[in-house]
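Secondary and tertiary structure notes
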Number of protein chains: 2
Amino acid sequence: MSVQLKDIAKHLNISISTVSRVINGTGRVNKDTRELILKTIKELGYHPNEVARSLKRKSANTIGVIVPDLSNSFYASVIKGVEKIASENEHSVIVCNSDEDIQKEEEYVQLLLQKQVTGLVIATVGGNPQLFEQYKRSGIPFVFIDNLPNTQENFDVVTIDNVKAGYDLAKHLVDQGHKKLAIITGPQNQSTAAERLLGFQKCLEDNGITVHEKWIGVGQFRRESGYQIMNEWLQQDELPTAIFAANDFLLYGAIKAIQERGLNVPNDIAAVCFDANDETGLVKPQITSIIQPAHMIGSIAGDIIMRKEKNKNLKMFEKIVLEPKLIINESSQTGR
Amino acid sequence: MSVQLKDIAKHLNISISTVSRVINGTGRVNKDTRELILKTIKELGYHPNEVARSLKRKSANTIGVIVPDLSNSFYASVIKGVEKIASENEHSVIVCNSDEDIQKEEEYVQLLLQKQVTGLVIATVGGNPQLFEQYKRSGIPFVFIDNLPNTQENFDVVTIDNVKAGYDLAKHLVDQGHKKLAIITGPQNQSTAAERLLGFQKCLEDNGITVHEKWIGVGQFRRESGYQIMNEWLQQDELPTAIFAANDFLLYGAIKAIQERGLNVPNDIAAVCFDANDETGLVKPQITSIIQPAHMIGSIAGDIIMRKEKNKNLKMFEKIVLEPKLIINESSQTGR
DNA sequence: GTGAAAGCGCTAACAC
DNA sequence: GTGTTAGCGCTTTCAC
């Protein structure tokens, strides 16, 4: 039962629309009545019902964000980036955690669409391309970050060149003299996982190094996967001299396995990965890593949505490819 | 223009209300027409407009969450906990990041209220008590986590006993023989910061140890604060033998300062803190820390809101105090 | 078992 | 400069 437009109108014996006008700053209103209205708004503590506004406006002035893992600092930064743009434009952000579950992801997309979001920023975990094409017809802008949809359709995209970054990261290991390289990557229906693998393979081929099937590990983007895959390798006779992980959690798991075996990183096995953002500053060994401009990815994605909202008939799709940084650290510098 | 109720009604030459009935499963509808309706809903790809529903329902079926820092894994876990309960109850979650800024926090509270959220989970950074009392009259449940509002009013609260936890953590250092203890805590208008300090002081007093004013550092809950405060101490003649930090970021910053000085943790200076959740498993030294049941805090907070939604006239406030765990690790075990 | 109609709180023509 | 009114898309009485 909060106070609403009609209450303050009644209170002043004027019409509801005049009040609406001063609230929205639209149309001309007599200066004195404006003052009076503003005053009683304060007094009565009126706040507009955003749901009613959204219904009228046909937009909730909200950006929806779907990420696979809220605990991952990369996504946390992306979200902060989106939020910055959103709040600058008086929009809010609904954050959803798909938990790397395609089903959950689809449900959230549906829900956000039903909530009439202005736009959607999504790091898909391999959702059905046909579904995305169908959503596209809703006219609500989808901006893909991180993982791209497996489709020929045009979509807005903000990402890095994962093939190239994978190549560069592998090249760094090759330059250190490594010939026995293993890779731990994520689900192959996630483009990041597939492309980073591709870059890795390409680099090895270009440098005349064999890519061993047995040293291509595929798991979820989680510590447990990295741990488990590494453990299997550690039980074999021949060990790789360097590990390339497609994200940080995979590598943390792998390193745990390596260390439990009494081996040292990097002296026994070197290690590199994507997205090792050390929030603590105390991770040992410090990880050589590809660092994506996460905050910028989020803010650009937010910008695209804002731009499309302002210019509805803008039928254009942007593919923004950002430059990541290769940070070289202990974990790839063999002491020998 | 997406398909809506009237489209599928028109398509079948029946009334809008019948369609609404089958969608909501309310009232009796002829079995055949029901089937038919369900079928065309599929065909035409109808999805209800949640905003319209929310307006009618006067609730957005959404839980709002405001946290000071999305990058903090403690809050990330809390959010996951809230989200779990929300999705079990077909609600969604709006996440807002106040960035430890009271102004931003207030704006977000206002916004969420306007968005007609079902309830609000908030880790306040010291918002105005009168404001909270005013919000309370809105009838929308506020559940406080982590930091409590500085007011006598009753509110729902899910937290730990920070005084006791602070006491226990300090006691651990005392038991290790430390007599020269320093504390780095957060803004004193955040109850966690104040209460952890209180517990620390109480413990020292109980054990006949002087609490030195000069070794009480107050900053933001950030790495930079910890770094800066520790650096100042390091420039003095006398050094503490142990550092107690009110959260993990503060301690990471302090340790950085200590290590840059060429000193060792824990051999030169022992260190403990709250909330050191090591997501990587590679933080060295491993931190002795009070670990809160973050996921549970979130899910209980969500539960309270769901309960209050179901039972509107439930005029009762719950104060849930959970037990944290004290995890003893390297950082407090002096080698001598 | 079904339909007509009111209304959720707001905005924006359109009249005056 | 101000008021009247028609919706936004849905749910829900109330008739029939």
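Values in this document were obtained by computation on a predicted structure and should not be read as measured data. (Residues numbered from 1 in each chain as written. Chains lettered and ligands numbered in written order. Predicted model: local features only at pLDDT ≥ 70, side-chain atom pairs only at ≥ 80, totals over all residues. Heavy atoms only, no water.)

1. What to know about the packing of helix H8 (residues 162-175) of chain A against helix H9 (residues 191-206) of chain A
All names here are of chain A. The N-to-C vectors of H8 and H9 enclose an angle of 45°; their axes lie 7 Å apart at closest approach. Taken together, the axes of H8 and H9 are oblique relative to one another. Handedness of the crossing formed by H8 with H9: right-handed. Facing Asn 162, Val 163, Gly 166, Tyr 167, Ala 170, Lys 171 and Val 174 of H8, the residues of H9 in contact are Thr 192, Glu 195, Arg 196, Leu 198, Gly 199, Phe 200, Lys 202, Cys 203, Leu 204 and Asp 206. (Axes fitted to C-alpha atoms, helices over the stretch in contact; angles between N-to-C directions. Helix = DSSP H or I, 4+ residues; strand = E, 2+ residues; numbered from the N terminus. Parallel < 35°, antiparallel > 145°, perpendicular 65-115°, else oblique. Left-handed = near helix turned anticlockwise from the far one by under 90°. Contact = heavy atoms within 4.5 Å.)

2. Considerations on unusual backbone geometry
Omega for the bond connecting Val265(A) with Pro266(A) falls within 30 degrees of zero, at 10°, which places this linkage in the cis form. Mapped onto the elements, Pro266(A) comes out in the loop between helix H11 (248-260) and strand E9 (270-274). We note that Asn61(A) has phi near 45°; this positive angle belongs to a residue other than glycine. Counting through the fold element by element, Asn61(A) comes out in the loop between helix H4 (50-57) and strand E1 (62-67). Taking the relative accessible area as the measure of exposure, Asn61(A) reaches 18% and is therefore buried. If you check the backbone angles, Lys58(B) has positive phi at about 60° while not being a glycine. Structurally, Lys58(B) can be placed in the loop between helix H4 (50-57) and strand E1 (62-67). (Buried < 20%, exposed > 50% of the residue type's maximum accessible area, 1.4 Å probe, protein only.)

3. Side note on the state of the cysteines
By definition, a disulfide links two cysteine residues through a covalent bond between their sulfur atoms. All names here are of chain B. Evaluated as defined, the whole model comprises 0 disulfides over all chains. A disulfide-free cysteine, Cys 273 has its sulfur positioned 16 Å from the sulfur of Cys 203, the nearest such atom. Its relative accessible area of 0% is what places Cys 273 among the buried residues. (Disulfide = S-S within 2.5 Å.)

4. What to know about the sheet that holds strand E6 (residues 181-185) of chain B
Residue and element names in this part refer to chain B. Taken in spatial order, the 6 strands of this open sheet run E7-E6-E8-E9-E10-E12, and their pairing is mixed. Of all the strands in the sheet, the pair left with one neighbour each is strand E7 (216-218) and strand E12 (325-327). Within this sheet the neighbouring strands show an average axis-to-axis angle of 15°, counted without direction. Most of the contacts of helix H9 (residues 191-206) go to E6, to which it runs at about 170°, and overall it touches E6, E7, strand E8 (242-245) and strand E9 (270-274). Relative to E6, helix H10 (residues 223-234) is tilted by about 150°, and along the sheet it contacts E6, E7 and E8. (Pairing = 2+ DSSP bridges.)

5. Concerning the nonpolar core
Among the nonpolar cores identified, the biggest contains 94 residues, and Val158(A), Phe244(A), Val158(B) and Phe244(B) are the most heavily contacted of them. When sequence neighbours within four positions are dropped, the list of residues in contact with Val158(A) reads Val143(A), Phe144(A), Ile145(A), Asp146(A), Ile297(A), Ile300(A), Ala301(A), Ile304(A), Ile320(A) and Leu322(A). Within the second largest apolar cluster, 56 residues are counted, among which are Ile269(A), Ala246(B), Tyr252(B) and Ala254(B). (Core = buried A, V, L, I, M, F, W, Y, C linked by side-chain atoms within 4.5 Å.)

6. Describing the UniProt feature "domain: HTH lacI-type" (unreviewed entry) in chain A
Per the UniProt record, "domain: HTH lacI-type" (unreviewed entry) is found at residues 3-57 of chain A. Summarising residues 3-57 of chain A: 71% helix, 0% strand, and an end-to-end C-alpha distance of 21 Å. (UniProt positions renumbered as here; feature names shortened; annotations may be inferred.)

7. Examining the side chain of Ser299(A)
With respect to the helices and strands, Ser299(A) occurs in helix H12 (residues 294-310). The contact partners of Ser299(A), leaving out residues within four places of it in the chain, are Gly81(A), Val82(A) and Ile85(A).

8. Examining helix H8 (residues 162-175) of chain B
Residues and elements named next belong to chain B. Spanning 14 residues, H8 covers 19 Å between terminal C-alpha atoms, matching the ideal 20 Å at 1.5 Å per step. Inspection of H8 places Asn 162, Ala 165, Gly 166, Tyr 167, Leu 169, Ala 170, His 172, Leu 173 and Val 174 among the buried residues, and these make up the whole buried set. If you check the start of H8, you find a side-chain oxygen 3.2 Å away from the backbone N of Val 163, and it comes from Asp 161. Where H8 ends, the next residue or the one after it, Gly 177, has phi of about 95°, a positive value. (Expected span 1.5 Å × (residues − 1). Polar contact = N/O pair within 3.5 Å; in protein donor to acceptor, adjacent residues only side chain to side chain.)

9. Some details on the relation of the copies chain B and chain A
With an RMSD of 0.1 Å, chain B superimposes on chain A once it is rotated by 180° and translated 0.0 Å along the axis. Such a turn and shift between the copies fits a two-fold axis. Here 98% of the interface residues in chain B have copies in chain A that are interface residues too; the copies meet face to matching face. (Least-squares fit on C-alpha atoms with pLDDT ≥ 70 in both.)

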